[in-house]
Amino acid sequence: MDKLFVQEQQRLTDLFQQLTVEQQHFLQLQKQNQQQALQVKGGLAQDASLNMANISDNLDTFAALEAMNREIDQYHFSASVLANKIQQLKLLLPAAYFSKIVVRFADEPTESETFHIGITGYQNWAGEDVVYDWRSPIASLYYDQVLGASAYTANGQIIEATIDLRRQFQIDHERLLGYFDTQLAVEDPLLIEVLAQDHQQYLTDITATIQKEQNQIIRDEQTDALIIRGVAGSGKTSVVIQRIAYLLYRNRQKVKASDVLLLTPNKLFSDYVSHVLPTLGEENPWQATYQQLLTQTVQQILGPTTAFADWPAGTSHLAQLTTALTTITVSVDLFQNLSNGLDTTRLLALV
């Protein structure tokens, strides 16, 4: 076994052990937080009394209730933080990272920094970034698929850097199965192996094998309405799902998964893509078929009791629409301004 493999295995072993210890620690903290919250709520229920005898008693009662609410809110906040940490660790333990890059920045050209990239980011107890999220700005250097001079954008600034190493890993929990030093991902043994795997029941994420052109689509933040064109099997759906994950990551303070609508052709397709975002640490967006969206839209316009004819299974929707268009009487009442009910800044289309 070569020395480099041993070094990479040792690094993975150390990190896996660290993540395992932290997982047990946070699970214990979560259990303690739940128990303390229950005790506090029980005590508050016994101690609280509404005394409205006079203005002074009213103020004392309101102050006591406010203090109770703040204490309970603190436990809820702690529960949310702990749940997030535990979810991150759950995602990382099967494969803590899938690649690393060694980079020299323009302001310190003689100093090299190493960044390990994974399906989600993670900071250890000391606040050090041990794994960088694949959606982070620095990770775009990996997906640019070049060695040598490069650059990435962070906080609106272009940061120049030189990539000295681009390495991909195959990892199974604490075991390093293999690694590859590469330049162009299309030639990567890892990519070839992934593409050669048997067809699966559910769509899986392509985080470790995103190509340069796909990365440009996923990270595009300048285009309001984006149409992705490609032949069947070219990866349009995978790119769209990864783009949703990226946009949720970049706009976490103002956009939630429930703000996104994913239109799908049928329920089978919805099930097929439903496993990707949870494996990336994100919730699934609202999914609807064209039939469901039309039904809801008609009911919003004409009333909740309005029925919309189902499309029979096994028939061509396009054929039905073509027939309907030959007999329809066009009038202004048939049209609405899309801006009334559609946010075009979040429009994704598959062609």
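The structure contained in this document is the topic of the report that follows. Just so you know, these numbers come straight off a predicted model, no measurement behind them.

The helix and strand inventory of the protein stands at ten helices and eleven strands. The 351 residues of the protein split such that 36% are buried. In the protein, the proportion of contacts linking residues at least 24 apart, taken out of those at least 6 apart, comes to 60%. As presented, the protein carries roughly 21600 Å² of accessible surface, and 55% of it is formed by carbon and sulfur atoms.

Helix length check: helix α6 (residues 236-250) (15 residues) gives 21 Å between terminal C-alpha atoms against 21 Å at 1.5 Å per residue, within 8%. Among the 15 residues in α6, twelve count as buried, and that is most of the element. Taken together, the buried positions of α6 are occupied by Lys236, Thr237, Ser238, Val239, Val240, Ile241, Gln242, Arg243, Ile244, Ala245, Tyr246 and Leu248.

Here six bridges tie strand β1 (residues 99-105) to strand β2 (residues 112-118), and the two strands are oriented antiparallel to one another. Within β2, the residue paired with Lys100 across the bridge is His116. Sheet analysis places β2 next to strand β4 (residues 129-133), joined by two bridges and oriented parallel. Looking at the pairing, Gly118 lines up with Asp133 of β4.

Moving on, we get to the environment of Thr264. Its place among the elements puts Thr264 in strand β9 (residues 261-264). Overall, Thr264 belongs to the buried group, its relative accessible area being 0%. Once the C-alpha coordinates of Thr264 and Gln287 are considered, the two residues, 23 residues apart in sequence, prove to be 7.0 Å apart. Those residues in contact with Thr264 that lie beyond four places of it in its chain are Phe269, Ser270, Gln287, Ala288, Thr289 and Tyr290. Reaching out from Thr264, the side chain makes a polar contact with the side chain of Ser270 at a distance of 2.6 Å.

Across a regular strand the side chains alternate sides, sitting on one face of the sheet and then on the other. Inspection of the sheet shows strand β5 (residues 148-154) paired to strand β6 (residues 157-172) by seven bridges, in the antiparallel sense. Across the sheet, the residue bridging to Ala149 is Thr162, located in β6. Where β5 hands over to β6, the hairpin turn is made up of two residues, of which Asn155 adopts a positive phi near 55°.

What follows deals with the side chain of Ser270. The residue Ser270 is located in helix α7 (residues 267-273) in this model. By relative accessible area, Ser270 is classed as buried at 10%. Engagement of the side chain of Ser270 in a polar contact is seen with the side chain of Gln287, the distance being 3.5 Å. Contacts of Ser270, omitting those with residues within four sequence positions, involve Thr264 and Gln287.

So, about the environment of Leu93. Tracing the backbone shows Leu93 in the loop between α2 (55-92) and β1. C-alpha of Leu93 to C-alpha of Phe16: the two residues are 77 residues apart in sequence and 6.8 Å apart in space.

With that out of the way, let us pick up the pattern of salt bridges. If you walk through the whole model with that rule in mind, you get eleven salt bridges. Across the salt bridge formed by Arg135 and Glu282, the nearest N and O atoms sit 2.8 Å from each other. Placement of the pair is Arg135 in the loop between β4 and α3 (140-143) and Glu282 in the loop between α8 (276-279) and β10 (286-289), with a sequence separation of 147 residues. The class of Arg135 is buried, set by a relative accessible area of 3%. According to the relative accessible area criterion, Glu282 is buried, its value standing at 9%. Here Arg175 and Asp172 are joined by a salt bridge, their closest N and O atoms 3.9 Å apart. Looking at Asp172, the relative accessible area reads 33%, which means it is partly exposed. Here the residues in one salt-bridge network are Glu8, Lys100, Arg167 and Asp181, joined through shared partners.

What counts, and at which threshold
Residues numbered from 1 in each chain as written. Predicted model: local features only at pLDDT ≥ 70, side-chain atom pairs only at ≥ 80, totals over all residues. Heavy atoms only, no water. Helix = DSSP H or I, 4+ residues; strand = E, 2+ residues; numbered from the N terminus. Buried < 20%, exposed > 50% of the residue type's maximum accessible area, 1.4 Å probe, protein only. Contact = heavy atoms within 4.5 Å. Areas by Shrake-Rupley, 256 points an atom, 1.4 Å probe, with all protein chains shown as cover. Expected span 1.5 Å × (residues − 1). Pairing = 2+ DSSP bridges. Polar contact = N/O pair within 3.5 Å; in protein donor to acceptor, adjacent residues only side chain to side chain. Salt bridge = Lys/Arg side-chain N within 4 Å of Asp/Glu carboxyl O.

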